[in-house]
Amino acid sequence: MRRLRDLRVRMYCQSGGGNGESGAVGLRNLRLWRRVVQLTAAGLMTAPGWWPDNPVWLGTYISSRFCGIALTDPLAALEVAIAGKAVVWPLLWSAVPLILAAAVLGRIFCGWICPLNTAFEIAGSFRRKPQRALAGNWQPYWLLGGFLTASALIGLPVFTLISPIGILSRTIAFGAGFEAVFVVFLVCLELWYSRKAWCKKVCPVGALYGLLSRFRRCRISLDTARCTRCGACYAACGMGVDIGSPGKLAVMNCSNCGDCIAACPEHAVSYQWIKRRKGGAAKHEPFESHSR
Ligand code: SF4
Ligand code: SF4
């Protein structure tokens, strides 16, 4: 079955459908809107340089103030609390908006905001050869546990100190330093090794967002009556998620980017708002499969 799907994906890529560039119907402009949001977020990062008193954005992706609301990356807040063995309430409160957003809307930070993902996707558009197909696995979730343990043992927020997301946002805001070599290395991986290898195999920030979004309300839904198993959605997905084979890991790895929606030539994929039953359990299992 997997071989058949891989063959269909290859046929789809060879016909020019890879990277979600063709077959777009319905929410065709979703990818464009996502790019606008990604670039606006990156552009705002530079604002302190040319508009020091701007009321919109101040800070980096790790810690910032957006329209007066303090925001902190949940992993950074968690690492600081574990490293210092004390809850820093202002830091924790500033992580709450991002935690709530992930719990309801999923990994939208990954799909719509993360500067590293933006860099990967822009670099990927210059890629000419198909590269290794890498599936997501549980490794980032184990690494998340490892970094939290290391923070407790060393007494420092270990991943936050070396995070390429932090490095890239400092580079955007203040200019490149030596540490930017790490980001360049990851972009080279994107070009010559595999799409979003860092996200699928390493990133503990994405892993924490994945855990927070396990029971999210906004999910990807597949209309099985319309789906022809052409593989367009799988080929479009940079996270290596096969929405035809749902499971916990697939749900947690999905960034709700919408590329699969835009790529489906049959209009079989859509966002769906999952209702809750009275008892509290989710009405549908993610990814929901349905037929009209
Ligand atoms: S997995 Fe990490 S690097 Fe990838 S998009 Fe998410 S936060 Fe960014
Ligand atoms: S399954 Fe669809 S929405 Fe989820 S990450 Fe893949 S392309 Fe994006």
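What you are looking at is a predicted structure, and each value in this text was computed from that prediction instead of being measured.

The rules behind each value
Residues numbered from 1 in each chain as written. Chains lettered and ligands numbered in written order. Predicted model: local features only at pLDDT ≥ 70, side-chain atom pairs only at ≥ 80, totals over all residues. Heavy atoms only, no water. Near = heavy atom within 4 Å. Helix = DSSP H or I, 4+ residues; strand = E, 2+ residues; numbered from the N terminus. Nonpolar A, V, L, I, M, F, W, Y, C, P; charged D, E, K, R; others polar. Pairing = 2+ DSSP bridges. Axes fitted to C-alpha atoms, helices over the stretch in contact; angles between N-to-C directions. Parallel < 35°, antiparallel > 145°, perpendicular 65-115°, else oblique. Left-handed = near helix turned anticlockwise from the far one by under 90°. Contact = heavy atoms within 4.5 Å. Phe/Tyr/Trp six-rings, centres within 6.5 Å; stacked < 30°, edge-to-face > 60°.

Quick look at the site of ligand 1 now. In the vicinity of ligand 1, the contacting residues are Arg107, Phe109, Cys110, Cys114, Leu116, Asn117, Ile165, Trp198, Cys199, Cys203, Val205 and Gly206. Those elements that provide at least two residues to the shell around ligand 1 are helix 6 (108–113), helix 7 (115–124), helix 12 (197–201) and helix 13 (204–212). Of the residues contributing to the shell around ligand 1, the split by class is nine nonpolar, two polar and one charged.

Before going further, it helps to examine the sheet that holds strand 2 (residues 63–66). Paired through backbone hydrogen bonds, the strands of a sheet run either parallel or antiparallel to each other. As summarised here, the arrangement of the three strands in space is 1-2-3, forming an open sheet in which the pairing is antiparallel. Both edges of this open sheet fall to strand 1 (57–59) and strand 3 (69–72), since each of them pairs with a single strand only. Shown here is a sheet whose adjacent strand axes are inclined to one another by a mean of 20°, direction ignored. Two strands pair when backbone bridges link them, and strand 2 and strand 3 are joined in this way by four bridges, in the antiparallel orientation. Along strand 3, the bridge assignment pairs Ser64 with Leu71.

A few words on the packing of helix 4 (residues 74–84) against helix 5 (residues 89–105). Running from N to C, helix 4 and helix 5 cross one another at 150°; their axes reach a closest spacing of 8 Å. In terms of orientation, helix 4 lies roughly antiparallel with respect to helix 5. Helix-helix and strand crossings are classified by hand; for helix 4 and helix 5 the assignment is left-handed. Listed contacts from helix 5 to Pro74, Ala77 and Val80 of helix 4 are Leu91, Ala95, Leu98 and Ile99.

Within the structure shown, the criterion is met by nine aromatic pairs. Through successive ring pairs, a cluster of aromatic residues spans Trp57, Tyr61, Phe66, Phe109 and Tyr209.

In the neighbourhood of ligand 2, the contacting residues comprise Ile220, Cys237, Val241, Ile243, Cys254, Ser255, Asn256, Cys257, Gly258, Asp259 and Cys260. Class assignment for the residues of the shell around ligand 2 results in seven nonpolar, three polar and one charged.

Just distances and angles here, no functional claims.
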